[in-house]
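Fold and geometry: a report
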Number of protein chains: 2
Amino acid sequence: MTAPVRIALDAMGTDHAPRPEVAGVLEALLELPDIEVTLVGPRDVIEAEFAHHGGVPGRVTIHEAADRVTAADPPASVIRRKPDSSLVVGLNLQREGTVDAFVSAGSTGAIMATSLFTLKRLPGVDRPTVGTIIPTVREPCLLLDAGANVDSKPQHLVQFAHLGSIYAQDMMGRTQPRVALLNIGEEPGKGDELTAAAYGLLADQAGLNFIGNIEGRDIIGGICDVVVCDGFVGNVLLKFYESVASFIVELLRKTVGSVTALRVLDYAEIGGAQLLGVGGVSVICHGESTPKAIRNAIKVAERAVRSHMVEHSAVELSKLSEEAP
Amino acid sequence: MTAPVRIALDAMGTDHAPRPEVAGVLEALLELPDIEVTLVGPRDVIEAEFAHHGGVPGRVTIHEAADRVTAADPPASVIRRKPDSSLVVGLNLQREGTVDAFVSAGSTGAIMATSLFTLKRLPGVDRPTVGTIIPTVREPCLLLDAGANVDSKPQHLVQFAHLGSIYAQDMMGRTQPRVALLNIGEEPGKGDELTAAAYGLLADQAGLNFIGNIEGRDIIGGICDVVVCDGFVGNVLLKFYESVASFIVELLRKTVGSVTALRVLDYAEIGGAQLLGVGGVSVICHGESTPKAIRNAIKVAERAVRSHMVEHSAVELSKLSEEAP
């Protein structure tokens, strides 16, 4: 008998909060018998929403947080200006050990900044990163950085590579994950200043199955488990992929009447993205998350806790920091 | 009665040269009554290929060039080490005024380096650039730089913007082309160091219809005529787009049996990419070009000459160089 995983969910994250959050929790509880969820937000609002579903279930607790972070709040100021927000209160519950993980569909920048302040960076990590799991013609792969970090230095890409490799092992079940550097040529030394320098560092890493450069055309082929890049190109590529996928699904719906063939490109399946490189579990969802996406994000949080991937990351990345000159 | 446009075609560019080149010329001659083509390469090989089609047609000349550039030749060394190659000889025909334009499906790097040496940069241009026309849900748009230039500086993006705007006017028939900066946020000042700085410069440009930042998700919507970016992100994005398009067309062929709905994503339609910012017309094709692609590249070259877009570029870009501090 293992202890249940305790997950705090920001009840006021999505654009239609707390409706998708409450519905998502109910879905997650059905699927995951060994979790307990603490919804963080205004108690009356949350209770009113649960009332539509027959009341607050047994494995759910509500933790009062009167204030709410909005898109207008500068991310770095949230911790100081909105201490009673569901975001800050929820992350504090994790810091003090009341819960094991935190999930929010609020402003990405605010979640990142507040997670960093509350959970701290792991030793050896300069910049925490966010990856996105993308569909390919074979297995999905993790692309990181997905947009959190621009103007990366070569050593940042190395840290992303390690964090991504551990994520692929612990969260995606990959053994010796194949890690590739996104570049504009296949040969070592190709690319811009960043990727040419990063290649050399990556090739020298112990504990990393680095398979070399891949080009934009190789991503969809699913030839690796982790794709490493700066957040600028990662963000452009992910948003482009998402829009192309939506466009094609729409086009097919109109012309063919069926989209089953393109299931591989259906982004609705994807839930939250975990902030990697901090001393805890913080999962970030889209602001327009559906109940299904919230449920998936809760599943990500549960798996992250059960797999001890944060502890795993701390061990691996601290080696990096000891090796550094 | 206008004078015919005289186009030199590197007969030895494609992987299966000179077969696609000869077939492409024959297609182009049928469609374009006012061109003359000079095929540059080993006379006997070219004549043997024309023999399969009933001989060398009236508007075709063969210009002897015994040597051939291969992928193994370092681009910068071609001009010195292979002066008798079809690439160098063909570009020299343009420099000395024997032809008006040059088309090749040889190594992109070699074509660029040799074009730059032979045709020279236009005043105000630090780095010549190559754009690619990509399909969107509305009209196609021009994305540049497509991979020729990495580690761009803000002023290079400004030059790309002007060269792209002129291309969109003269070659794509757009009036006051909408030029956008590819970025990871919409607001001015968003992005990495490069795009944040480039935004300010672009917003100040006279003679440019700059509409601001666009994100990866906006490209497919076709909301602008020209997308400006560094060649690293441009190259990754274009190769990714091409692979996704191929994948989907293949998937549909298998499942639906028809691909008419996805005509918009069919890359086979696209011919050559023109090198922008040099003092002449140099059109670069894929090494695996089909006769249709060669024909389209010849059409690009003809239109570039007829529209006087090089002269137009020289006038606009020289203003830039005079304004610079």
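For every chain, the first residue of the written sequence is number 1, and numbering continues from 1 onward in sequence order. Labels are handed out in written order, letters beginning with A for the chains and numbers beginning with 1 for the ligands. Given that this is a predicted model, residues contribute local features only at a pLDDT of at least 70 and side-chain atom pairs are listed and counted only at 80 or more, while totals for whole chains, interfaces and linings are drawn from all residues. As a rule here, side-chain values cover all heavy atoms of the structure and leave hydrogens and water aside.

So, about the overall build of chain A. Summing up its helical and strand segments, chain A has ten helices and twelve strands in all. Its C-alpha atoms give chain A a radius of gyration of 20 Å, within 12% of the compact-globule value 20 Å for 325 residues. With the C-alpha coordinates aligned to their principal axes, the bounding extent of chain A is approximately 60 × 55 × 45 Å. Accessible area of chain A: about 13,100 Å², with a carbon and sulfur share of 52%. Of the side chains in chain A, 28 bear a positive and 40 a negative charge, and the two mean positions are spaced by 2 Å. Per the convention used, a helix needs a DSSP run of H or I reaching at least four residues, while a strand needs a run of E reaching at least two, with both numbered from the N terminus. Based on C-alpha atoms, the radius of gyration is set beside the globule rule, defined as 2.2 Å times the residue count to the power 0.38. All accessible-area figures derive from a Shrake-Rupley calculation using a 1.4 Å probe, and residue coverage is judged against the displayed protein chains alone. Under the convention used here, Asp and Glu are negative, Lys and Arg are positive, and both His and the chain ends fall outside the count. For this purpose, a charge sits on NZ of Lys, CZ of Arg, CG of Asp or CD of Glu.

Here we come to the side chain of Gln 94 of chain A. Residue placement: Gln 94 of chain A occurs in helix H4 (residues 86–95). On the accessibility criterion, Gln 94 of chain A (9% relative accessible area) is buried. Each residue's exposure class comes from its accessible area (1.4 Å probe, protein chains only) as a fraction of the maximum for that residue type: buried when under 20%, exposed when over 50%, partly exposed otherwise.

Turning our attention to the sheet that holds strand E12 (residues 282–284) of chain A. Residue and element names in this part refer to chain A. Pairing within the open sheet is mixed, and its seven strands lie in the order E3-E2-E1-E4-E12-E11-E5. Two strands close off the open sheet at either side, each with one partner strand: strand E3 (60–64) and strand E5 (129–130). Pairing geometry for strand E1 (residues 5–10) and strand E4 (residues 101–104), over three bridges, is parallel. Note that in E4 the partner of Ile 7 across the bridge is Ala 101. Pairing between strands requires that DSSP locate at least two bridges from one strand to the other.

Positionally, Gly 147 of chain A belongs in the loop between strand E7 (141–144) and helix H6 (154–170). Spatially, the C-alpha atom of Gly 147 of chain A lies 8.9 Å from that of Leu 238 of chain A, the residues being 91 residues apart in sequence. By definition in these notes, contact holds between two residues if any of their heavy atoms fall within 4.5 Å. Other than its neighbours up to four places away in sequence, Gly 147 of chain A contacts Gly 231 and Asn 235 of chain A together with Ile 184 of chain B.

We now examine the pairing of strand E5 (residues 129–134) of chain B. All names here are of chain B. Across the six residues of E5, five count as buried, placing the element largely inside the fold. The pairing of E5 with strand E6 (residues 141–144) spans four bridges and is antiparallel. When the bridges of E6 are listed, Ile 133 appears paired with Leu 142. Where E5 folds back onto E6 in an antiparallel hairpin, the turn is made up of six residues.

Cis geometry marks the peptide bond from Ala 17 of chain A to Pro 18 of chain A, where omega comes out at 0°. Relative to the helices and strands, Pro 18 of chain A resides in the loop between E1 and helix H1 (19–31). Note the cis peptide between Leu 144 of chain B and Asp 145 of chain B, where omega equals 10°. Along the chain, Asp 145 of chain B turns up in the loop between E6 and helix H6 (154–170). With a phi close to 70°, Lys 120 of chain A is a non-glycine residue in the positive phi region. Counting through the fold element by element, Lys 120 of chain A comes out in the loop between helix H5 (108–119) and E5.

Our next topic: the pattern of salt bridges. All names here are of chain B. Take a side-chain nitrogen of Lys or Arg and a carboxyl oxygen of Asp or Glu: if they are within 4 Å of each other, that pair is a salt bridge. Applying the stated criterion across every chain, the model contains 25 salt bridges over all chains. The salt bridge involving Asp 100 is made with Arg 6; its shortest N-O contact spans 2.8 Å. With a gap of 94 residues between them, Asp 100 in the loop between helix H4 (86–95) and strand E4 (101–104) and Arg 6 in strand E1 (residues 5–10) connect regions that are remote in the sequence. Take Asp 100: its relative accessible area is 23%, and that puts it in the partly exposed class. The salt bridge partner of Glu 27 is Arg 295, with a shortest N-O separation of 3.6 Å. Of the two residues, Glu 27 sits in helix H1 (residues 19–31) while Arg 295 sits in helix H9 (residues 291–307), which places them 268 residues apart along the sequence. Arg 295 sits in the buried class, given a relative accessible area of 17%.

Quick look at the packing of aromatic side chains now. Aromatic ring pairs are reported here in terms of the distance separating the ring centres and the angle at which the planes meet. Each Phe, Tyr or Trp ring, with Trp reduced to its six-membered ring, pairs with another whose centre is within 6.5 Å; inter-plane angles below 30 degrees give stacked pairs, above 60 give edge-to-face pairs, and intermediate values give tilted ones. Inspection of every chain in the model, using the stated rule, returns four aromatic pairs over all chains. Note on Phe 240 of chain A and Tyr 241 of chain B: the rings are 4.9 Å apart at their centroids and 85° apart in plane angle, and the pair reads as edge-to-face. Here Tyr 241 of chain B lies in helix H8 (residues 231–255) and Phe 240 of chain A lies in helix H8 (residues 231–255), a pairing that spans two chains. When sorted by exposure, Phe 240 of chain A lands in the same class as Tyr 241 of chain B, which is buried. Geometrically, a lysine NZ or arginine CZ counts as sitting over a ring once it is within 6 Å of the ring centre and also within 35 degrees of the ring normal. Across the ring face of Phe 117 of chain A, the terminal group of Lys 120 of chain A is positioned such that the distance to the ring centre comes to 4.9 Å.

A few words on the confidence of the model for chain A. When pLDDT is averaged across chain A, the result is 92; 91% of the residues are at 70 or more. Every residue in residues 263–268 of chain A is under pLDDT 50, and counting partners more than four places away or in other chains gives 16 contacts. For every residue, the pLDDT score states the predictor's confidence, bounded by 0 at the bottom and 100 at the top.

For H6 of chain A, spanning 17 residues, the distance from its first C-alpha to its last is 25 Å, which sits close to the expected 24 Å at 1.5 Å a residue. Burial within H6 of chain A is extensive, with 15 of its 17 residues counted as buried. Here the expected length of a helix is defined as 1.5 Å per residue gap, with one fewer gap than residues.

The next point concerns the packing of H6 of chain A against helix H7 (residues 193–203) of chain A. Residues and elements named next belong to chain A. Think of each axis as a best-fit line through the C-alpha atoms, taken over the contacting stretch in the case of a helix, with angles from 0 to 180 degrees between the N-to-C directions. Direction vectors running N to C along H6 and H7 enclose 50°, while the axes themselves pass 8 Å from each other. Comparing the axis directions of H6 and H7 gives the class oblique. The two elements H6 and H7 meet at a crossing, and its hand is right-handed. On H7, the residues touching Pro 154, Gln 155, Leu 157, Val 158 and Ala 161 of H6 are Leu 194, Ala 197, Ala 198, Leu 201 and Leu 202. The class makeup of the residues in the contact of H6 with H7 is nine nonpolar, one polar and no charged. Working rule for angles: under 35 degrees goes down as roughly parallel, over 145 as roughly antiparallel, 65 to 115 as roughly perpendicular, anything else as oblique. Two helices that cross are described as forming a left-handed crossing if the nearer one is turned anticlockwise from the farther one by less than a right angle, and a right-handed crossing if clockwise. Each residue gets one of three labels, nonpolar for Ala, Val, Leu, Ile, Met, Phe, Trp, Tyr, Cys and Pro, charged for Asp, Glu, Lys and Arg, and polar for the others, Gly among them.

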